[in-house]
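Residue-level structure breakdown
Each chain, written out:
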Amino acid sequence: MKIYTEISDLRDEHPNIVFALGMFDGVHRGHQAILRKASELAHSIKGEAAAFTFSSHPLSVVAPDRAPTIISDDSMKLRLLEIYGMDFVVDIPFDRDFSLLEPSDFLDFLQNKYSPRYVVAGANYTFGVYGRGTSVDLEQYGYRYGFHAEIADAVNEGGEPVSSTRVRECIAHARLKEANSLLGRDFSYDGIVQHGDMRGRLLGFPTANITIGDGRAMLPNGAYAVRILLEDHATEYRKFLEGGSPSELYGIANVGANPTFKGVERRIEVHIFDFNGDLYGRHISVSFSKRLRDEKRFPSADALVHQLNVDRTDAMNFFRG
């Protein structure tokens, strides 16, 4: 999938665009409805479906103190957009100039650089300075700029719309089952395996350690049943997110600072069942399937090992169904 990270005139290269508009943080079920509609429209006109999104959240520029935590980093978001049907992505930084565009100027920008045939957005989509432009404006005035606007129906669960804000709240409060339902897949975190202190290996539970990035959404400290993918190509990643990759592994993960031992920064420590390979420096994806327990401080290493054995049994029983 081609990704455009700078503003450029794409009208000749892509003459028949259907744009899905949004930040797409998390690419949850509500976003998936927008992407699906864009893909269907593109197919109907023999065109291309593309996401128009920003690599940085607008609030990080206009109100940094109110910028939300990020569910999916930019790399994961782009892979998800491809999985959910986008032919290419325009993924440009949101900067001060963008923040000052009037809604009409933003629509002029879309027309002058991309000339989409259709744009698809959610009912709560806003654009332009202070978010003055709305999805209603897209529908009413799009024809002036050469496109038709389609507003995707909201996806509801439990009587409330599925939204990134709701997903973040579920993640922050350990409502993992609800978060996974809203996402339409297990909440995942990608990272590079870092060198640790080797304590896990000495205890018989070697771990792959991943740093938790600043500003990222993460579950509360505790132990979780997880699936792990070591491969990075799109086909396996798609199957992995759907819970059916033959390459996925299973394990337990501790999110936290390991309070039994001092001087440990908050991180994800993943123990993979029946795996002895060297993962240092490798990219892995960790998918959180079930919360097993809160984080605890144990009186001894032996007590910790006993609990890890309990966690492993609980996780294995969960995955066996």
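Attention in this report is confined to the structure presented alongside it.

The rules behind each value
- Residues numbered from 1 in each chain as written.
- Predicted model: local features only at pLDDT ≥ 70, side-chain atom pairs only at ≥ 80, totals over all residues.
- Heavy atoms only, no water.
- 1 Å grid on protein atoms, 1.4 Å probe; cavity = no way out; pocket = protein on both sides within 12 Å on 5 of 7 lines; lining within 4 Å.
- Points joined across faces, edges and corners; volume = space filled by probe spheres on them.
- Nonpolar A, V, L, I, M, F, W, Y, C, P; charged D, E, K, R; others polar.
- Pairing = 2+ DSSP bridges.
- Helix = DSSP H or I, 4+ residues; strand = E, 2+ residues; numbered from the N terminus.
- Axes fitted to C-alpha atoms, helices over the stretch in contact; angles between N-to-C directions.
- Buried < 20%, exposed > 50% of the residue type's maximum accessible area, 1.4 Å probe, protein only.
- Contact = heavy atoms within 4.5 Å.

The next thing to look at is the layout of surface pockets. Taken as a whole, the largest pocket spans an internal volume of roughly 1,300 Å³. Along its surface, the largest pocket is lined by 45 residues, and Met23, His57, Asn124, Tyr125 and Thr126 are the ones closest to its centre. A class-by-class count of the residues in the lining of the largest pocket yields 26 nonpolar, 14 polar and five charged.

Whether parallel or antiparallel, the strands of a sheet pair through hydrogen bonds between backbone atoms. With parallel pairing, six strands are arranged side by side in an open sheet as β1-β4-β3-β2-β5-β8. Because the sheet does not close on itself, it has two edges, and the strands there are β1 (2-4) and β8 (148-152). Strand after strand, the sheet turns through a mean of 25 degrees between neighbouring axes, direction not considered. Where strand β2 (residues 17-21) lies against strand β3 (residues 48-54), five bridges are found, and the strand directions are parallel. Within the sheet, the bridge partner assigned to Ala20 lies in β3 and is Ala51.

So, about the pairing of strand β14 (residues 249-256). Summarising burial for β14: six of the eight residues are buried, a large majority. The pairing of strand β13 (residues 222-229) with β14 spans seven bridges and is antiparallel. Paired with Ala225 across the strands is Ile252, a residue of β14. Here six bridges tie β14 to strand β15 (residues 267-272), and the two strands are oriented antiparallel to one another. Each bridged residue has a counterpart across the sheet, and for Gly256 the counterpart in β15 is Arg267.

Counting through the fold element by element, Ala20 comes out in strand β2. Assessed through its relative accessible area of 0%, Ala20 is described here as buried. Distance in space between the C-alpha atoms of Ala20 and Leu182 is 20 Å, their sequence separation being 162 residues. Not counting the four nearest positions on each side in its chain, Ala20 is found in contact with Ile34, Leu35, Ala38, Ala50, Ala51, Phe52, Met86 and Val120.

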